[in-house]
Structures are given as C-alpha cells and as structure tokens.
Amino acid sequence: MTSGLRAALRSPAVWLGVLGSLAVAGGSSHPEFALTGTWGAAWVDRLGLAAPVPLNRVLLVGGTLALIWSWWRIRPRPERPLAAGPVLGLWSLPLLAAPPVLSPDAVLYADLGWTLGTGANPYTVGLAASGGPFAARVDPLWAGQGVAYPPLNLRLDQLVVWASGADPYWSVVAMRVPVVLAVVAMALLVPRLAGLLGVPRQEAVWLGVLNPLLVLHFLGGAHNDAPMVALSLAAIWLVARRPGGWTSLLLAPMLVGLAMAFKQQGGLTVVAVAGLPVAAALATLPLGRRLWLLGWRIAVAAAVAVATFVVLSLASGLGFGWTRWLDLMGLASTPAPLALLNKGGAILWSIGGGDPTQFLVQAGRVTTGVLLVCLTSLLVRFADRPLPALAWGSALVAVLGQALHPWYLPWSVALLALCPLTARQRRWVIIAVVAFTAWNCLQTSIVHGTL
C-alpha cells in the first residue's frame, strides 16, 4: 500500500467526503430526479425509493455539504501533504454506478448516440426523434430540438452507446467513461503544469482537480466538457514543456482544434499556447508592440486550430449543423446575469403581445456581442500574462454567456489554480466554488424533483 493511500485511509475528512458522495449517489437514485419517474433500471428505482421524499433531498444536500467541508478540511498544509490520487478515487467510487447527479444531461447524450447509431443526424432530426430506449427520458425542454455540441462530441456518444449495448440505464452511466479518462488526464497534467509554471503543485491539484464542482458535475454528472478541458490542459502542457520551435504555433494549436471538436469554447486556449513562449518578452514591451506580438501569434495559432476543427468536423460526416442551434442555449433557466436580463425583457415583451421566444433569440445575439466586447477588453488588460488571460477569460465566458451551468466552471478553476493568484483572488475563487456548488444542489433538490 502506498504512503498516499495510507494517508487517505487514515484521514477522517477523506472518509466524510466518501460518505458525502454515497449520500449524493443515494439521493440522486430516487426516481423523482428522473424526468419520467424511472431511471430505466428497476433496481436503481427501488434503491432510490428506500429514501422517500424528502429524505432523498436531505441526502443530496447533506452529502454535497459534507463533500464541500471535506474538500476544505484536506487543503494542503506544510505539515500535511495531500494524497490527491487516492482521495479523488475514494470520493469518485460511490458516484460511478449511480444515476446522473444533479443533471439529466447524460440521458440526452445517450439519445444523441442512439440517433447517430440509427443513421440519422441529430442536428437535423433533433433530440428524442428517433425513438429508442432514451427518448422518453430526454428533458422536454430540449425534445425535438437539435444541439450545439460539435461533431466529435456526438461521435463519442455514439461509441459509448454502441459499446454499452444501448442499455436504458448502463449506456447513460457509461457516459462517465470518457469523463473519468479526462479527469485522470487532468490529475496528471495539473501538477506537471504547476511545476513548469512555478506554482505550488499540491495547492494547484487541491483547487484545480479535487474541488467539489469537478467531483459532482464531471464525475457525478458525466458532463461532456471534461474531454475539452483535458485536451486544453494538454495543449498548454505541450507548450510549457517545449516552448521553442513550432510547438506553440502548430502542434499545440492542433490539440486546441481537437478540444474545440468536443466543446467550442476550448478555442480560447490559443491565447495561452500562443502567448506562453513569449510571456517574458510581452512583460517588457509597451502596449502597442505587446498587442502586435501576441496578436499575430494568436492569429496563426487560431488559424491552425480552426483548420483542425474544420477537418475533424468534415471527417465526422456531421459538418456544422450545430450552428443552427446556438440560439437555444439561452432558453434554459440558469443564473447567467445577461440571460436573466434577457428573460426579464422577454416577460415584458410578451405582456405587450410580442413573441418571447423570438425576443430571447435576438437578445441573446446582443448579449453575445456584449460578451465579446468584455472579453476583448480583458485580453488587452492581460496581454502580458497569457495564462491568466485565458483563465479569467474562460470564467468571463461562463458567467456572461447565455447559460451558466456549474459544469462550465471546472475548466476555469483548473486554469486559475495554475496562475499566481493573490491571496484575495484565491479566496474569492474558493468562495465561488463553494457557493455555486451549494446553491446548485439546493436549487436542484427544490426545483427539479418531479413527484
């Protein structure tokens, strides 16, 4: 037995986190969190009903709070090294066979994979349109609509459904397999990047990999952002390890293009891969020359990334049908500030006799323009610090986008964990992780039950 595993097994805080994960898994198994009142496996429904309403919600909230507290208690200290791998493994195990945690999106992924397996194109026919074992459990908000996920994401869903035999329950659970592989990659990359960038390794891993947002929403919720995050970090690692030659303008941007084929926002990573090799020069140049140096390098890296993305999209056979569905993102109920403003305007518009859906679509385009202006201003401000520019920029995209889901944030948290944050900045990042994790769990337990 390794010393790290022994240390984890002796820690009461670690075991409190395990109990928290067990409670979240048990509470999530109740069929009220399945959109049709069943998870597609009778044994899971029976297990969930062992904790009737509202006990299942108490388990969900209590388990989340226990996991948050455990994460805080195991924060690294000089006298107490952090056994990150064993801790992450112990906290994850109770979640891996459970139904999707705090979100039914994994059912949606399975339906996309099934649709592709029938030979239909989800961008054209929409969700739940091809029948099959998952259609009835797709969120009614999205049934009949297409998705804005890029093509490799959908092909990965198809592979998972095929490999798991299109089982009504296990195919949904199997959506965690790519996520687990991505999180393992993150756990390997973050400490190595921290060493290359001069950031304390254990603190970076604690904040960037062990945080409850990642545990609950990547591993528990099986969200498809995880492969994009892992590939983004891999591109940055490639540049940090070998900054010379064409690594930052060819090889790393190709990885960024691959990340984009899983989630488009991964394209922001070109800021870091293009800027890190010349970060020292950027810090000494006046603003105009700094922007010129960073700008042309970003342009070259972006061209390579986009070309890679286009080739992969065409090779997938699905092309760019996702572009038709970008305007739908603002329809979900999330705390995104600009989206809330749009929804308030839509209510007023409907009172005046207008079409609220059309208002939301048009307002979403306006607020996207606002986001681009804010993002440009931030990149100019951080032009001498490429990695913080990417980290804070990714957070800005998450917060000011049309939808703000908790699984959007682990990417930003992992990137910020690799930046030289001030004590105040670090404190606010931790507060944001804790607050958003707790708030989302409370919201889910109150709003999204169906029985």
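Overview of the structure. (Residues numbered from 1 in each chain as written. Predicted model: local features only at pLDDT ≥ 70, side-chain atom pairs only at ≥ 80, totals over all residues. Heavy atoms only, no water.)

1. Some points on the overall build of the protein
And then number 1: A tally of helices and strands in the protein yields 22 helices and zero strands.
And then number 2: What you see for the protein is a C-alpha radius of gyration of 22 Å, in line with the 22 Å of a compact globule of 451 residues.
And then number 3: Here the protein holds 451 residues, and the buried ones make up 54% of them.
And then number 4: A total of about 18400 Å² of accessible surface is found on the protein, and carbon and sulfur atoms cover 70% of it.
And then number 5: In the protein, 27 positive and 13 negative side-chain charges are present, and the distance between their average locations comes to 15 Å. (Helix = DSSP H or I, 4+ residues; strand = E, 2+ residues; numbered from the N terminus. Rg over C-alpha atoms; globule rule 2.2 N^0.38 Å. Buried < 20%, exposed > 50% of the residue type's maximum accessible area, 1.4 Å probe, protein only. Areas by Shrake-Rupley, 256 points an atom, 1.4 Å probe, with all protein chains shown as cover. Lys, Arg positive; Asp, Glu negative; His and termini not counted. Charge placed at Lys NZ, Arg CZ, Asp CG, Glu CD.)

2. Remarks on the packing of helix α12 (residues 212–220) against helix α22 (residues 423–447)
And then number 1: One can describe the packing of α12 onto α22 by two numbers: an axis separation of 9 Å at closest approach and a directional angle of 40°. Judged by the inter-axis angle, α12 sits oblique to α22. Where α12 approaches α22, its residues Pro212, Leu213, Leu216 and His217 are matched on the opposing element by Val433, Phe436, Thr437 and Asn440.
And then number 2: A breakdown of the residues in the contact of α12 with α22 according to their chemical character gives five nonpolar, three polar and no charged. (Axes fitted to C-alpha atoms, helices over the stretch in contact; angles between N-to-C directions. Parallel < 35°, antiparallel > 145°, perpendicular 65-115°, else oblique. Contact = heavy atoms within 4.5 Å. Nonpolar A, V, L, I, M, F, W, Y, C, P; charged D, E, K, R; others polar.)

3. Quick notes on the environment of Ile236
And then number 1: Mapped onto the secondary structure, Ile236 falls in helix α13 (residues 226–241).
And then number 2: By relative accessible area, Ile236 is classed as buried at 0%.
And then number 3: With 43 residues separating them along the chain, Ile236 and Leu193 place their C-alpha atoms 8.0 Å apart.
And then number 4: Excluding residues that lie within four positions of it along the chain, Ile236 makes contacts with Leu193, Thr269, Ala272, Val273, Leu276, Leu387, Leu390 and Leu415.

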